[in-house]
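# What the coordinates show
Here is how the chains run, residue by residue.
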Amino acid sequence: MVTTLRAAGAQDASAVARILIDTRAAFMPYAPAAHSDDEIREWVAHGLVPGGGLIVAERDGRIVGAMATGIGHDGAWITQMAVNPAQVGHGVGSELLAHALRTLPRPIRLHTFQANLGARRFYERFGFVATVFSDGRNNEERCPDILYVLAAPSHEAGDSCQLQAERPGHH
Ligand SMILES: CC(C)(COP(=O)(O)OP(=O)(O)OC[C@H]1O[C@@H](n2cnc3c(N)ncnc32)[C@H](O)[C@@H]1OP(=O)(O)O)[C@@H](O)C(=O)NCCC(=O)NCCS
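This one's a predicted model, so the numbers in the text were calculated from it and none came from an experiment.

The next subject is the site of the ligand. Neighbouring residues of the ligand: 23 residues in total, closest Gly91, Gly93, Ser94, Asn116 and Arg121. Here valine 83 contributes a backbone N or O atom positioned 2.8 Å from an oxygen atom of the ligand. Contact between the ligand and asparagine 116: an oxygen atom at 2.7 Å from a side-chain N or O atom of the residue. If the ligand stood free it would expose 820 Å²; the protein chains cover 83% of that surface. Of all the elements in the fold, those that place two or more residues in the shell around the ligand are helix H1 (13-27), strand S4 (75-83), helix H3 (92-103), strand S5 (108-113) and helix H4 (117-125). Here the element with the most residues in the shell around the ligand is H4; it accounts for six residues. Residue composition of the shell around the ligand, by class: 10 nonpolar, 11 polar and two charged.

So, about unusual backbone geometry. Residue proline 107 follows arginine 106 across a cis peptide bond; omega there is -5°. Tracing the backbone shows proline 107 in the loop between H3 and S5. One non-glycine residue, aspartate 60, lies in the positive phi region at around 50°. Among the secondary structure elements, aspartate 60 is positioned in the loop between strand S2 (54-59) and strand S3 (62-72).

What counts as what
Residues numbered from 1 in each chain as written. Predicted model: local features only at pLDDT ≥ 70, side-chain atom pairs only at ≥ 80, totals over all residues. Heavy atoms only, no water. Near = heavy atom within 4 Å. Polar contact = N/O pair within 3.5 Å; in protein donor to acceptor, adjacent residues only side chain to side chain. Areas by Shrake-Rupley, 256 points an atom, 1.4 Å probe, with all protein chains shown as cover. Helix = DSSP H or I, 4+ residues; strand = E, 2+ residues; numbered from the N terminus. Nonpolar A, V, L, I, M, F, W, Y, C, P; charged D, E, K, R; others polar.

Here it is in structure tokens:
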């Protein structure tokens, strides 16, 4: 199956919001969304999409996945990663993550919930290392989470002691 990756535009906002809402409902019963569906749609349309760094994955002309990334003073972050529940386990997430690894500077950081065992396996397969376990007091859902880090190769490492720096988002 051919997957096309491209930067998201305003026309993609409702499809991306749908995926974020549906994955949360389908796979994260332990972390109910802290916002209503309408609030999520509003945030995607007026915050996430215009903010840049949002990539959508298409198969057969339909959006089947989305990934948001950003670069802060402490390196790169993956702030959103979600695949349509009907399409999980068919390689879409791997294509999105491989794109992030090709394009982002190291270190790359992300948060995931401790209970999200599938996502933890997924990130660890790509070399991310569980670095800081927290009780969830710093995320909106108050759900225990993990900071994962994909460090620079040792000859490029420079700021690997700043692992607890500010967190620009959560997913
Ligand atoms: C995690 C996720 C982005 C991976 O994308 P994907 O296209 O399903 O992944 P791929 O097909 O490329 O790779 C398969 C791996 O994804 C993970 N995975 C599969 N289904 C999953 C699910 N329902 N929830 C979480 N991870 C899942 C597993 O690690 C799986 O490998 P395994 O079965 O050998 O353990 C996707 O499953 C998803 O959106 N899950 C729900 C939302 C989520 O957990 N997002 C990440 C938040 S940090």
